[in-house]
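Single-letter residue listing:
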Amino acid sequence: MELGVILGDVHTTLSPREHLDGLLRQVEAAQRNGVRYIVMGHHYLYGNLRWLQPIPTLARIAAELDPGVRIGTMVVQVPLFHPVALAEELATLDILARGQLVVGAGAGYRREEFTAFGVDFDRRFAMMDEALQIVRMLWTQDEVTFHGRFWTLDGVRTHIRPWQDPYPPIWIGALRDSGVRRSARLGDAWPVTPETRTSDMRRMFDVYAQARRKHGRPLVARHPLRREIVPGRTTEAAFARFESMARDRLLAYAQRELMTRDADALRDQFRKVAEKEAIVGTPGECLAQLRDLAAQVPVDPVIVRAQWPDMSSDEVVAYLDDLGRDIVPGLNEITAIDAHSLESRPDGRFPTRQERCDVPR
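The rules behind the values
- Residues numbered from 1 in each chain as written.
- Predicted model: local features only at pLDDT ≥ 70, side-chain atom pairs only at ≥ 80, totals over all residues.
- Heavy atoms only, no water.
- Helix = DSSP H or I, 4+ residues; strand = E, 2+ residues; numbered from the N terminus.
- Buried < 20%, exposed > 50% of the residue type's maximum accessible area, 1.4 Å probe, protein only.
- Contact = heavy atoms within 4.5 Å.
- pLDDT = per-residue confidence, 0-100.
- 1 Å grid on protein atoms, 1.4 Å probe; cavity = no way out; pocket = protein on both sides within 12 Å on 5 of 7 lines; lining within 4 Å.
- Points joined across faces, edges and corners; volume = space filled by probe spheres on them.
- Nonpolar A, V, L, I, M, F, W, Y, C, P; charged D, E, K, R; others polar.

Digging into the environment of Met1
Here is step 1 of the chain: Mapped onto the elements, Met1 comes out in the segment before β1 (3-7).
Here is step 2 of the chain: What makes Met1 buried here is its relative accessible area of 8%.
Here is step 3 of the chain: Remark: the alpha-carbon pair of Met1 and Arg222, spanning 221 residues in sequence, is separated by 9.9 Å.
Here is step 4 of the chain: Ignoring anything within four residues of it in the chain, the contact list for Met1 reads Ala294, Val299, Asp300, Val302, Leu331, Asn332, Ile334 and Ala336.

Written as structure tokens, this is what we have:
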């Protein structure tokens, strides 16, 4: 299994120079410590926190990439782009990254962003479906004619194709079963959100596999997983470290429009919440949790967040150095279950905890 890092938001009180310097320092430390995916989220009008826009930022990071390291959007809000602009910007980014781009795509969840762009929030899923159809056509056809619900193109000819043939892998984000079915129909993998519990993950991968079969699409061997990994000298030290890194930011998420976490539980019982959606403990405990997870669900890479808004660049680098020393070598020795192995199971379902296969240590 491989490790990835998602680049996050910072306080707007941080100067642009400090932001860029810290970002590049994080990228250098991540690659030095064996990270193989560097991805970014996508937001507008984020108040007192700053997200750099992913496509131009990843173009800058592409100049720093080591061999074998990939960059990606995770995820770009498709309905907020015209599909022609999105197709050509992502194709350009894939060229600048010499074919090392992964496109994570989603419908978005913050109504205020859609209001600012004059885009109907309630139509965002239908818009994403149509836009991704157009993007694929522009990447694979010499001339495109498309008459849809939201966009019309007559005999247009794109002048930019991706480096990768036919195009970069597309990861479609989803939180619920309906979204997982959409991901199976439209994408090449389902990036699992950090708050998705393992029991729900197993069931949702069943939903994904059934949808792939329904649409005559091959199973996907493994899928990216967003999950925090926080090692410490002791179990208690690891939980204290994670709380200092992440508690305030997770509370902010709970209080925004993405209502997937309980704000009261985060305030009063942070450790119980963390135990359900993060991998926290001594290095040995973290690797044991990762082995158990890999034996149950087909996930790879695991993508962590190294920088939270209140962390200094020194703290971010120290965290990445800890991962590189204590987690990455052991993680690289783990092989997650392969979804293709389910074809031989009579029911085609993922194994239960009791049925799980042996995973190399």
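Focus on the confidence of the model for the protein chain
The predicted coordinates should not be examined in detail at positions where pLDDT is low.
Here is step 1 of the chain: In this model, the protein chain carries a mean pLDDT of 91, and residues with pLDDT of at least 70 account for 89%.
Here is step 2 of the chain: Below a pLDDT of 50 lies the segment residues 344-348, which in the model reaches six contacts outside its immediate sequence neighbourhood of four places, other chains included.
Here is step 3 of the chain: pLDDT under 50 marks residues 353-361. Its contacts with residues more than four places away, or in other chains, come to 21 contacts.

A few points about the layout of surface pockets
Here is step 1 of the chain: Put simply, the second largest pocket is a space of about 230 Å³.
Here is step 2 of the chain: In terms of lining, the second largest pocket is formed by 15 residues, of which the most central are Thr198, Arg227, Glu275, Asp292 and Leu293.
Here is step 3 of the chain: Going through the elements one at a time, α7 (198-214), α10 (270-277), β12 (278-281) and α11 (283-296) are the ones with two or more residues in the lining of the second largest pocket.
Here is step 4 of the chain: Ranked by residues supplied to the lining of the second largest pocket, first place goes to α11 with four residues.
Here is step 5 of the chain: Here the residues of the lining of the second largest pocket are counted per class, giving three nonpolar, four polar and eight charged.

Concerning unusual backbone geometry
Phi is mostly negative for residues that are not glycine, and the peptide bonds are mostly trans.
Here is step 1 of the chain: A cis geometry characterises the amide bond from Met74 onward to Val75, with omega recorded as 0°.
Here is step 2 of the chain: Along the chain, Asp165 connects to Pro166 via a cis peptide bond; the corresponding omega equals 5°.
Here is step 3 of the chain: Even without being glycine, Leu45 reaches a positive phi, approximately 50°.
Here is step 4 of the chain: Taking the relative accessible area as the measure of exposure, Leu45 reaches 58% and is therefore exposed.
Here is step 5 of the chain: Phi is positive for Arg98, which is not a glycine, with a value near 50°.
Here is step 6 of the chain: Owing to a relative accessible area of 62%, Arg98 belongs among the exposed residues under this scheme.

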